[in-house]
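Fold and geometry: a report
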Number of protein chains: 2
Amino acid sequence: METLDTVPDEDFLRLDHQICFSLHAATRAFNGVYREALKELGLTYPQYLVMLVLWEHGELPVKGIGERLRLDSGTLSPLLKRLEAAGYVERRRSPEDERSVTVRPTGEGTALKEKARGVPRRIAAATGLPLEDIRDLRERLDALAVRLDAVDPDALSSCV
Amino acid sequence: METLDTVPDEDFLRLDHQICFSLHAATRAFNGVYREALKELGLTYPQYLVMLVLWEHGELPVKGIGERLRLDSGTLSPLLKRLEAAGYVERRRSPEDERSVTVRPTGEGTALKEKARGVPRRIAAATGLPLEDIRDLRERLDALAVRLDAVDPDALSSCV
DNA sequence: CGCGATTGAGTTGTGCACAATCGAATCGTG
DNA sequence: CACGATTCGATTGTGCACAACTCAATCGCG
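Now for a look at the structure at hand.

Here is what the cut-offs are and how they apply
- Numbering of residues starts from 1 in each chain and follows the order in which that chain's sequence is written.
- To label them, take the chains in the order written and letter them from A, then take the ligands in the order written and number them from 1.
- With the structure being a predicted model, the display of local features is reserved for residues of pLDDT at least 70 and the display and counting of side-chain atom pairs for 80 or more, all residues being used for whole-chain, interface and lining totals.
- Excluding hydrogens and water, the side-chain figures rest on all heavy atoms present in the structure.
- Helix and strand labels come from DSSP, where a helix needs a run of H or I of at least four residues and a strand needs a run of E of at least two; each type is numbered from the N terminus.
- To estimate the expected span of a helix, subtract one from its residue number and multiply by 1.5 Å.
- Think of it in three bands: with a 1.4 Å probe and only protein chains considered, a residue is buried below 20% of the maximum accessible area for its type, exposed above 50%, and partly exposed in between.
- For this quantity, the arc is that covered by the directions from the helix axis to the C-beta atoms.
- Any two residues having at least one pair of non-hydrogen atoms within 4.5 Å are treated as being in contact.
- Polar contact is the term for a pair of N or O atoms within 3.5 Å; when the atoms are in protein, one must be able to donate a hydrogen and the other to accept it, and sequence-neighboring residues count only if both atoms are side-chain atoms.
- What counts as an axis is a line fitted to C-alpha atoms, over the stretch in contact for a helix, and the angles between N-to-C directions run from 0 to 180 degrees.
- Note on terminology: angles under 35 degrees are roughly parallel, angles over 145 are roughly antiparallel, angles of 65 to 115 are roughly perpendicular, and the others are oblique.
- A crossing counts as left-handed when the near helix is turned anticlockwise from the far one by less than a right angle, and as right-handed when that turn is clockwise.

**What about helix H4 (residues 73–85) of chain A?**
All names here are of chain A. Over its 13 residues, H4 runs 18 Å from end to end, which matches the ideal 18 Å to within 8%, given 1.5 Å per residue. Of the positions making up H4, those classed as buried are Leu76, Leu79, Leu80 and Leu83. Buried residues along H4 cover an arc of 105° about the axis, so they all sit on one side. Exposed positions of H4 whose direction lies more than 90 degrees from the buried face are Gly74, Lys81 and Ala85. Those residues of H4 that are buried are in contact with helix H2 (45–57), helix H3 (62–69), strand E2 (89–93) and strand E3 (101–105). Where H4 begins, the capping side chain belongs to aspartate 72, and its oxygen is found 3.2 Å from the backbone nitrogen of glycine 74. Looking one or two residues beyond H4, the residue adopting positive phi is glycine 87, at roughly 85°.

**Regarding the packing of H2(A) against H3(A)**
Residue and element names in this part refer to chain A. Two numbers describe how H2 lies on H3: the axes approach to 10 Å, and their chain directions differ by 115°. When the axes of H2 and H3 are compared, the pair comes out roughly perpendicular. The element H2 and its partner H3 pack so that their crossing is right-handed. The segment H2 lies against H3, with Leu49, Val50, Val53, Leu54 and His57 engaging Ile65, Arg68 and Leu69.

Structure below.
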């Protein structure tokens, strides 16, 4: 059987090139499709993700959004400012904990959900894949992300 | 059977959330792992991709790199300048066509290939997946990217 | 209660992705 | 040969990702 140990470095480098590159290419392709689909909503794809979690939860602290999307304040702070400037969300300091900032959709932001309703179906159609394939792919990617996030940094730099 | 047409919008939105988000999360997880693995080489992940194609082809015009990695000059120009500043590549105008810029690894850049040899194996090990699973995943992602790149932009904005 | 440690946002700086645009070189057709 | 169209790269501007840091608010232990 073909395993990690029976493949020469040279082939490996090629294979590796393709898996990481494939992921990159697929992500960028998705971004391109979303960019088109979200153009009429005036949202970028990461902004759309933020609105998705806000539509689902009603309101969340910045930290809560960051946990669900795995983004830190360095990414979210400016993004949320742009969403606020666009009139889709409002931010205010939590009365209970002055360190925390609560974000919630404005009326306009909530109304946007209706306009966004058709987006996911069109995206799924664009993939040309049956639902079960999409689901299977998603599960593999999730499992992969979990494994990669759990990797010990030192185990990487210190070669085997 | 469950198809695109038998699932309500509401569920769909959730499913969609997960597939696009999973891809995003997996890409970012990969980036994190590569960041660690490439730290000792002084390369970012996109810079590593560029070095990979240069190691394979010896020298290429900027356009050739862009075709292989699907990146445009707006991304490559500054990236190549940084690689040049790091001493890994040199750029010069092609004598045959003064519009074109030829990029090739310096001696130091070529030497880097040996130091990079162990990287892909460690990345593959970090995924915790057998080779055939990686290959299968790669093929699915490639097929997906092809489909998504071929999507007619008008078909997205004009709803079904 | 008081003070050091921790937590939550925000800021700064670097790098990538991409759209739009520019200028120079080259091509192609009349 | 001349001139409009195209090609190539660089540049500009916007937005995202992330590391490193700051600062205020809060927590918790003595």
